[in-house]
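Structural description and commentary
Now for the letters of each chain:
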Amino acid sequence: MDSLTNELLELLNKKNEGAFEVLFNIYYPRLVSFAKEYVPSEEAMGLVQEAFVSFWEKNPSIISEPQLQSFLYTSVKNNCLMHLRHEKVKKKYAEETKLITHNQIYSSALEQLNTSVVAFQEIEDIIEKTLAELPPRCREVFTLSRFEGKKNQKIAEELNITVKAVEANVTRAIKVFKSALKDYLPLVIYLITLNR
């Protein structure tokens, strides 16, 4: 998983455009995946972009990556809630009760979702613990695939194993992570659903 250096966090605090671009490139796909759990794809992309605009305009003082994650995910969460509430009003007098119920369920789920700094620290701790408990080869394959972003073919060549063996190890690891992170799945969906 990409992480931000202290130097980058300092540059973000100084409103450095290059640092903001790095931040955007790392977190935009993750936040869109998160938002798409609650709103349609096109709306998700727009709501995430709004969160980044808000971050740039408000320029909050950031001292750690969990704090940054909390700000971004909370912004996207609130944007999704506002969107769902707006859609509910628009459909109030329409005969689309199914959509309204659907939005109400997702609104309730979002309101209960913990996007605090503590939650992100807990996620990091669970990821590290779960990763350490994976069998060595499984851990190695999963790290190369999900955290270093390497394609299955490249991993197979690097480790001198078949692509099917790579896929099997990634699938095995994903099952373990899904179980370990079941209470936080919407926040870490980008980790376990990336297609390679």
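Our subject is the structure that appears above.
Now for a quick tour of the structure. Computed from a prediction, not measured in an experiment: that's the story for all the values here.

Applying the stated rule across the entire model yields nine aromatic pairs. By the ring-pair criterion, three or more aromatic residues cluster together here, those being Phe20, Phe24, Tyr28, Phe52, Phe55, Trp56 and Phe71. Over the aromatic face of Tyr27 sits the side chain of Arg30, whose NZ or CZ is 4.8 Å from the ring centroid.

A general tendency of soluble globular proteins is for nonpolar side chains to be buried together. With 50 residues, the main nonpolar core has Leu4, Leu12, Leu23, Tyr27, Phe52 and Leu68 as its most contacted residues. Broken down by secondary-structure element, the contributors of at least two residues to this core are α1 (6–13), α2 (17–35), α3 (41–58), α4 (65–90), α6 (117–133), α7 (136–147), α8 (152–159) and α9 (163–180). When residues in this core are grouped by element, the largest group, ten residues, is from α2. Other than its neighbours up to four places away in sequence, Leu23 contacts Leu4, Leu12, Tyr28, Phe52, Phe55, Leu68 and Leu72.

What follows concerns the packing of α8 against α9. One can describe the packing of α8 onto α9 by two numbers: an axis separation of 8 Å at closest approach and a directional angle of 110 degrees. When the axis of α8 is compared with that of α9, the two are roughly perpendicular. Contacts between α8 and α9 involve Asn152, Gln153, Ile155 and Ala156 from the first element and Val163, Val166 and Glu167 from the second. Classifying every residue of the contact of α8 with α9 gives four nonpolar, two polar and one charged.

Turning next to the environment of Asn78. Summarising the element assignment, Asn78 is placed in helix α4. Since its relative accessible area comes to 36%, Asn78 is described here as partly exposed. Separated by 27 residues in the primary sequence, Asn78 and Ala51 place their C-alpha atoms 9.2 Å from one another.

With that out of the way, let us pick up unusual backbone geometry. Positive phi, close to 45 degrees, is recorded for Asn59, a residue that is not glycine. Notably, Asn160 is not glycine yet its phi reads approximately 60 degrees, a positive angle.

Each value, and the rule that gives it
- Residues numbered from 1 in each chain as written.
- Predicted model: local features only at pLDDT ≥ 70, side-chain atom pairs only at ≥ 80, totals over all residues.
- Heavy atoms only, no water.
- Phe/Tyr/Trp six-rings, centres within 6.5 Å; stacked < 30°, edge-to-face > 60°.
- Lys NZ or Arg CZ within 6 Å of the ring centre and 35° of its normal.
- Core = buried A, V, L, I, M, F, W, Y, C linked by side-chain atoms within 4.5 Å.
- Buried < 20%, exposed > 50% of the residue type's maximum accessible area, 1.4 Å probe, protein only.
- Helix = DSSP H or I, 4+ residues; strand = E, 2+ residues; numbered from the N terminus.
- Contact = heavy atoms within 4.5 Å.
- Axes fitted to C-alpha atoms, helices over the stretch in contact; angles between N-to-C directions.
- Parallel < 35°, antiparallel > 145°, perpendicular 65-115°, else oblique.
- Nonpolar A, V, L, I, M, F, W, Y, C, P; charged D, E, K, R; others polar.

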